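Structural overview
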Amino acid sequence: MLKGIAASSGAAIGKVFKYVHPQVVVEKKAAAADELEKLKNAVAKTQQDIRTIQKMAEGKLSADDLAIFDAHLMVTEDPEFIGQIEEMVKNDNVNSDYAVDQVGNMFASMFESMEDAYFRERAADIKDVSYRLKCHIQGVMIPDLSLISDKVILVAEDLTPSDTAQLNKETILGFATATGGRTSHSAIMARSLEIPAVVGVSGLLEAVNHDDEIVLDAIDGVVIVKPDEAVKKEYKTKIENFAKLRESLKVLKDAPSVTLDEHHVELVGNIGTPKDTAAVIANGGEGIGLYRTEFLYMDAKEMPSEEDQFEAYKAVLQDMNPHPVVVRTLDIGGDKKLPYLPLEEEMNPFLGFRAIRICLKRPEIFRTQLRALIRASAFGNLCIMFPMIATLQEFRQAKAIYLEELNKIKAEGIAHSDKIQVGIMVEIPASAVLADQFAKEVDFFSIGTNDLIQYSMAADRMSEPVSYLYQPLNPSILRLVKLAIDGAHKEGKWCGMCGEMAGDPTAVPVLLGLGLDEFSMSATSILSARKIVRSNKYADLQELAKKALDCATAEEVAALVSKSVK
Ligand code: PEP
Ligand code: MG
């Protein structure tokens with residue numbers, strides 16, 4: 001059994017199609033008589049490839065994702081790019097694949113070194129097109145994923161956007177990749193295609209061979225190689241149940257999130273990049289409850305500029321308008337590092353210099369992000385959220401910096417919203433306990449249970465041996481959650497939750513009963529949460545919550561929930 005990250009929910013059993021990009025080796029040679037002809041043919045074939053892939057992807061991918069292929073076509077038509085290759089063949093008398101290699105590398109590194117994120121992304125387009133050109137010149141077969149006719153599970157090091165776009169849902173049961181995380185490009189594409197995917201599986205390529213039978217479990221994020229009959233039987237049931245459930249939930253996409261006795265809550269999505277909004281909308285999300293902006297920083301080679309950030313925030317706000325979008329300011333440190341922001345090694349990084357603590361020490365980083373956010377607020381319904389707030393002083397300091405930037409933007413006459421809400425994550429027990437005081441000064445809370453549980457239980461969320469202490473249903477955690485919700489309500493503020501607990505089907509009824517206003521979760525959990533909301537009475541769940549708070553253990557709470565919830 002190999003562990004990875006469940007990037008797109010579902011499961012499959014099937015034979016492996018091991019997909020390896022053929023290596024093209026380029027050697028410098030003297031140009032053949034028909035060298036320019038070879039180049040011309042390769043350009044035509046590459047354009048044909050791209051158009052075919054684009055056609056196949058229409059209707060499957062968002063307009064944004066499809067635009068990648070327009071960019072690829074533009075590269076093949078660019079007189080600068082193709083012109084320089086031709087010049088090199090003629091002037092230096094070299095083979096065309098060598099010229100493509102040289103000119104392609106030169107253009108790619110030129111784009112990679114540019115300030116603007118848009119141009120940096122163009123480097124990937126140049127590389128993709130150069131690769132195809134070299135393959136066609138040398139007559140190397142590029143495996144055509146769209147031609148796979150047997151039902152298979154794809155296994156690869158990673159998949160490029162053009163690979164993923166070619167995937168036919170009828171034949172590709174799912175995929176596993178050795179690299180990538182939940183927000184890698186292939187993971188995002190898998191979610192919008194709704195095929196199960198497990199990414200970041202270390203040791204995958206060594207453990208799995210072409211034609212092996214495997215179980216791809218993208219619910220729990222594991223790959224089981226050569227499963228025995230008992231495991232296969234277990235998974236057949238799991239897959240059938242999953243398919244039935246998904247189908248039955250579809251009717252709830254546009255249904256309101258209200259209980260049988262008309263208590264209304266908001267079910268919203270967690271995202272890591274602007275592209276993730278598509279899946280939230282497709283699954284009936286009523287807004288974004290957590291945009292983890294650190295991925296914008298982690299995917300960059302240097303601090304993203306105000307302009308780059310503005311574009312990303314604006315895209316999300318516009319996509320979701322008029323629904324609310326809660327954007328969390330930079331939460332780096334702990335297990336998340338930035339290569340261009342060296343931080344001292346610490347004994348306990350999760351208890352160390354991270355999130356708002358860094359932002360308050362490095363206000364120039366914080367101010368750039370706040371400016372980008374305030375400018376983007378003109379395009380939708382923005383809520384700004386500070387992570388890892390432990391004391392009111394920290395909140396006041398952060399809010400003061402925000403107000404300074406807001407006033408500057410006002411003075412500069414730049415468009416912005418007057419209705420931006422400013423809140424905090426309640427993820428440190430200190431702020432949960434003092435929620436009634438915080439609530440007087442913030443506009444909202446969002447409870448971050450991933451951290452709140454690790455700090456309450458003193459159990460590192462990255463440590464396998466203490467993972468049994470991740471107990472969302474432990475009454476101690478429920479009481480902290482209650483303090484946050486009650487504290488907010490006493491001051492007329494709203495309280496959400498964006499930790500994994502918010503989408504956990506066993507926890508949802510109790511949270512509802514405790515009075516949580518907003519539940520933010522991964523897009524694919526939204527519809528099952530809506531089903532729970534719509535099948536129960538708020539009054540009953542309030543009773544349930546009361547009893548849960550009086551339980552002694554998490555197991556008792558779980559038993560109570562399974563006994564009393566529909
Ligand atoms: C949390 O701590 O619950 C949370 C949502 O934030 P993250 O998982 O990004 O730390
Ligand atoms: Mg957190």
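Bear in mind that the values here come from a model prediction, so they are computed numbers and not experimental data.

1. A few points about the overall build of the protein chain
Regarding its fold elements, the protein chain presents 23 helices and 16 strands. A principal-axis box enclosing the C-alpha atoms of the protein chain has dimensions of 85 × 65 × 45 Å. When each of the 566 residues of the protein chain is scored for burial, the buried share is 53%. Across the protein chain, the fraction of contacts at a sequence separation of at least 24, relative to all contacts at a separation of at least 6, is 69%. When the accessible surface of the protein chain is totalled, it reaches about 25,000 Å², and 53% of it is carbon and sulfur. Side-chain charges in the protein chain split into 63 positive and 84 negative, and the spacing between the mean points of these groups amounts to 4 Å.

2. A closer look at helix H23 (residues 554-564)
Looking at H23, one finds that the buried residues are Ala554, Val557, Leu560 and Val561. Buried positions in H23, seen along its axis, are confined to an arc of 120 degrees and lie on one side of it. Across from the buried face of H23, at angles greater than 90 degrees, the exposed residues are Glu555, Ser562 and Lys563. Where H23 is buried, its residues contact helix H19 (475-490), helix H20 (507-514) and helix H22 (538-549).

3. Some thoughts on unusual backbone geometry
That bond from asparagine 321 to proline 322 is cis: its omega, 5 degrees, falls within 30 degrees of zero. Looking at where proline 322 falls in the secondary structure, it is placed in the loop between helix H12 (306-320) and strand S11 (324-328). Located in the positive-phi region is asparagine 93, a residue other than glycine, with phi close to 50 degrees. By secondary structure assignment, the location of asparagine 93 is in the loop between helix H3 (79-92) and helix H4 (96-112). One non-glycine residue, alanine 355, adopts positive backbone phi at about 50 degrees. For alanine 355, the location among the structural elements is in the loop between S11 and helix H13 (356-361). Taking relative accessible area as the criterion, alanine 355 reaches 1% and is therefore assigned buried.

4. With respect to the environment of alanine 554
By the element assignment, alanine 554 lies in helix H23. Placed 83 residues apart in sequence, alanine 554 and glutamine 471 show a C-alpha to C-alpha distance of 6.6 Å. Alanine 554 has contacts with Gln471, Leu473, Asn474 and Pro475, leaving out every residue within four places of it along the chain.

5. So, the site of ligand 1
Around ligand 1 there are 13 residues in total, and Arg292, Arg328, Gly448, Asn450 and Arg461 lie nearest to it. Between ligand 1 and the protein, one listed contact pairs an oxygen atom with a side-chain N or O atom of lysine 336 at 3.5 Å. At a separation of 3.1 Å, an oxygen atom of ligand 1 approaches a polar backbone atom of threonine 449. Tallying contributions element by element places helix H18 (residues 449-457) first for the shell around ligand 1, with three residues.

6. What to know about the coordination of the magnesium ion (ligand 2)
Around the magnesium ion (ligand 2), the protein contributes the donor atoms Glu427 (OE) and Asp451 (OD), at 2.0 to 2.2 Å from the metal centre. With glutamate 427 in the loop between strand S13 (421-426) and helix H16 (429-433) and aspartate 451 in helix H18, this residue pair connects regions lying 24 residues apart in the sequence. As far as burial versus exposure is concerned, glutamate 427 and aspartate 451 are alike and both buried.

7. Let's talk about the sheet that holds strand S7 (residues 213-217)
What the eight strands build is an open sheet, ordered S1-S8-S7-S3-S4-S5-S6-S2; its pairing is mixed. A single partner strand is all that each edge strand has here, and the edge strands are strand S1 (2-3) and strand S2 (5-8). Where strand S4 (residues 152-156) lies against strand S5 (residues 172-177), five bridges are found, and the strand directions are parallel. Within S5, the residue paired with alanine 156 across the bridge is threonine 177.

8. Some points on the pairing of strand S10 (residues 288-292)
Within S10, five of the five residues are buried, which leaves it mostly tucked inside the rest of the structure. In this sheet, S10 lies alongside strand S9 (residues 266-271) in parallel orientation, the contact comprising three bridges. Paired with glycine 269 across the strands is isoleucine 288, a residue of S10. A crossover connection joins S9 to the parallel S10 through helix H10 (residues 277-282); in handedness this β-α-β unit is right-handed. Summarising the sheet, S10 and S11 pair through three bridges and their orientation is parallel. In the strand pairing of S11, isoleucine 288 is matched with valine 325.

9. What about the pattern of salt bridges?
Using the criterion set out here, one finds 30 salt bridges in the structure. Across the pair glutamate 229 and lysine 232 runs a salt bridge, and its minimum N-O distance is 3.3 Å. On the criterion of helical spacing, the pair formed by glutamate 229 and lysine 232 is a turn pair, its members being three residues apart in helix H9 (residues 229-249). The residue glutamate 306 makes a salt bridge to arginine 375 at a minimum N-O spacing of 2.7 Å. Taken together, the positions of glutamate 306 in helix H12 and arginine 375 in helix H14 (residues 363-376) put the pair 69 residues apart, joining distant regions of the chain. Ionic contacts of the salt-bridge type, sharing partners, join the residues Glu306, Glu307, Arg367, Arg371, Arg375, Glu404, Glu405, Lys408 and Glu412 into one network.

Conventions and cut-offs
- Residues numbered from 1 in each chain as written.
- Chains lettered and ligands numbered in written order.
- Predicted model: local features only at pLDDT ≥ 70, side-chain atom pairs only at ≥ 80, totals over all residues.
- Heavy atoms only, no water.
- Helix = DSSP H or I, 4+ residues; strand = E, 2+ residues; numbered from the N terminus.
- Buried < 20%, exposed > 50% of the residue type's maximum accessible area, 1.4 Å probe, protein only.
- Contact = heavy atoms within 4.5 Å.
- Areas by Shrake-Rupley, 256 points an atom, 1.4 Å probe, with all protein chains shown as cover.
- Lys, Arg positive; Asp, Glu negative; His and termini not counted.
- Charge placed at Lys NZ, Arg CZ, Asp CG, Glu CD.
- Arc of directions from axis to C-beta.
- Near = heavy atom within 4 Å.
- Polar contact = N/O pair within 3.5 Å; in protein donor to acceptor, adjacent residues only side chain to side chain.
- Donors = N, O, S within 2.8 Å, 3.2 Å for Na, K, Ca; no water.
- Pairing = 2+ DSSP bridges.
- Right-handed = clockwise from strand over helix to strand, strands pointing away.
- Salt bridge = Lys/Arg side-chain N within 4 Å of Asp/Glu carboxyl O.

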